[in-house]
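Take a look at the letters that make up each chain.
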Amino acid sequence: MNTYVSQREQRNGDTPRLSGGDSCMSDGVDFDEETVAEMERMYQTASMRERRQRIRDALALESGEQVLSVGTGPGFESQGLAEEVGERGRVLGIDTATPMLAVARERCADQPQATFEQGDAAALPVTDNALDAAVAVQVYEYVPDLAAAFGELYRVLRPGGRAVVFDSDWSTLAYHAADDTRSERIIEAFNTKSLHPRLARTLKPRLERAHFDVTDQDVHVHFETELTDDAFGGVLMSAMKGVAIEQGGIDEAVADAWIDDLHDRAEAGEYFFNLNQYLFTVEKPAAET
């Protein structure tokens, strides 16, 4: 029997629907349909498939558990979580972006244990102490009030509940380019999308200040030396171009020349891409103090 209900379900006795509005999880990113399609391609690359498996392994879900996916995106994460908890469990995926939620619902259409609604990381639509587990992948680096968001995560987990928090250090993002100066300009412009581009460096103490026990930590390295159709770095460079132009003030011709440069490096056998992202497994103490 599912014991986990959202705050609105508890009040109204129906399926939860939160009204729209800007939210902290989408700050710095415009999730239009083109962006969503681009993210879907990115999530299907080999490195991202490996990342999802590592997160599922760290979370170690059991059948029947109640799970929250904060910033569910196009639903790949929630789809995997729903497989883990089975029909007796439940996965609630929240996101601020309506196009993301539509894609996630379609992806998980044959998994009734997975439901989706619009919601904010700093005001989770879930009752206190309701969840066995939660996952937040590349969410908090876009959240203005981190203390509030971590407090919300703590609130909704039951005592003894656990979560996987996964964020980036965007200073580790690197491509080998013939024109390093231009490449660094693009990377710097792209990093304006994130409110906390080096959040991973301070995640552990921040989580501990939120009263979590950090039980494990690991690094996931996106590392490629070939520019294939399945290369995460190849899909990312297209997203970087758009952000650098729209938010970083980079001229389109400069961005196109950067991409041409990277493809030339690949044709010459000199392609190199790297990005480090960090995984922290946390637990809410069984006996609250």
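Remember, it's a predicted structure, so these values are computed and weren't measured experimentally.

1. With respect to the overall build of the chain
A tally of helices and strands in the chain yields 10 helices and 8 strands. Long-range pairs, those at least 24 residues apart, make up 80% of the contacts in the chain between residues at least 6 apart in sequence. Carbon and sulfur atoms provide 45% of the accessible area of the chain, an area that totals close to 12,800 Å².

2. A closer look at the packing of helix 9 (residues 232-246) against helix 10 (residues 252-267)
Interhelical geometry of helix 9 versus helix 10 gives an angle of 160° and a closest axis separation of 9 Å. In terms of axis orientation, helix 9 runs roughly antiparallel to helix 10. The hand of the helix 9/helix 10 crossing is right-handed. Taking contact as the criterion, the partners of M237, M240, K241 and I245 in helix 9 are, on helix 10, E252, A255, D256, W258, I259, L262 and H263. Tallied by class, residues from the contact of helix 9 with helix 10 come to 7 nonpolar, 1 polar and 3 charged.

3. Describing the confidence of the model for the chain
For any part of a model where pLDDT is low, the fine detail of the predicted coordinates should not be relied upon. Of all residues in the chain, 88% have pLDDT values of 70 or greater, and the mean over the chain is 89. Across residues 1-28, confidence stays below pLDDT 50; counting only partners more than four residues off in sequence or on other chains, it has 72 contacts.

4. Considerations on the nonpolar core
The biggest cluster of nonpolar side chains holds 34 residues, and the ones touching the most others in it are L173, Y175, L236, M240, W258 and F273. Elements with a contribution of two residues or more to this core: helix 2 (33-43), helix 5 (98-107), helix 7 (180-190), helix 9, helix 10 and strand 8 (273-283). Top element by residues in this core is helix 9. It accounts for 8 residues. Every residue in contact with Y175, bar those within four places of it in the chain, is listed here: S183, G233, L236, M237, M240, W258, L262, Y271, F272 and F273.

5. Examining the environment of R51
Counting through the fold element by element, R51 comes out in helix 3 (residues 46-59). Spatially, the C-alpha atom of R51 lies 10.0 Å from that of V219, the residues being 168 residues apart in sequence. With residues near it in sequence (within four places) discarded, R51 still touches Y43, V137, Q138, F166, H220, H222 and Q277. In terms of polar contacts, R51 uses its side chain to reach the side chain of Q138, at 2.6 Å.

6. Overview of unusual backbone geometry
With the exception of glycine, the majority of residues adopt a negative phi angle, and the majority of peptide bonds are in the trans configuration. With a phi angle near 55°, N129 is a residue other than glycine that sits in the positive phi range. Topologically, N129 is positioned in the loop between strand 3 (114-118) and strand 4 (131-137). The class for N129 is partly exposed, based on a relative accessible area of 38%. Residue H211 is not a glycine yet carries a positive backbone phi of 80°. The residue H211 is located in the loop between helix 8 (203-209) and strand 7 (213-224) in this model.

7. Some remarks on the pairing of strand 1 (residues 66-70)
Walk down a regular strand and you will see the side chains alternate between the two sheet faces. With 5 of 5 residues buried, strand 1 lies mostly within the body of the structure. Across the two faces of strand 1 the burial is the same, with Q66, L68 and V70 and V67 and S69 all buried. Pairing of strand 1 with strand 2 (residues 90-95) involves 5 bridges; the strand directions are parallel. From the neighbouring strand, L68 faces strand 2, where its bridge partner is L92. In this fold, strand 1 hands off to helix 4 (residues 76-85), which returns the chain to strand 2; that crossover is right-handed.

Scoring rules and cut-offs
Residues numbered from 1 in each chain as written. Predicted model: local features only at pLDDT ≥ 70, side-chain atom pairs only at ≥ 80, totals over all residues. Heavy atoms only, no water. Helix = DSSP H or I, 4+ residues; strand = E, 2+ residues; numbered from the N terminus. Contact = heavy atoms within 4.5 Å. Areas by Shrake-Rupley, 256 points an atom, 1.4 Å probe, with all protein chains shown as cover. Axes fitted to C-alpha atoms, helices over the stretch in contact; angles between N-to-C directions. Parallel < 35°, antiparallel > 145°, perpendicular 65-115°, else oblique. Left-handed = near helix turned anticlockwise from the far one by under 90°. Nonpolar A, V, L, I, M, F, W, Y, C, P; charged D, E, K, R; others polar. pLDDT = per-residue confidence, 0-100. Core = buried A, V, L, I, M, F, W, Y, C linked by side-chain atoms within 4.5 Å. Buried < 20%, exposed > 50% of the residue type's maximum accessible area, 1.4 Å probe, protein only. Polar contact = N/O pair within 3.5 Å; in protein donor to acceptor, adjacent residues only side chain to side chain. Pairing = 2+ DSSP bridges. Right-handed = clockwise from strand over helix to strand, strands pointing away.

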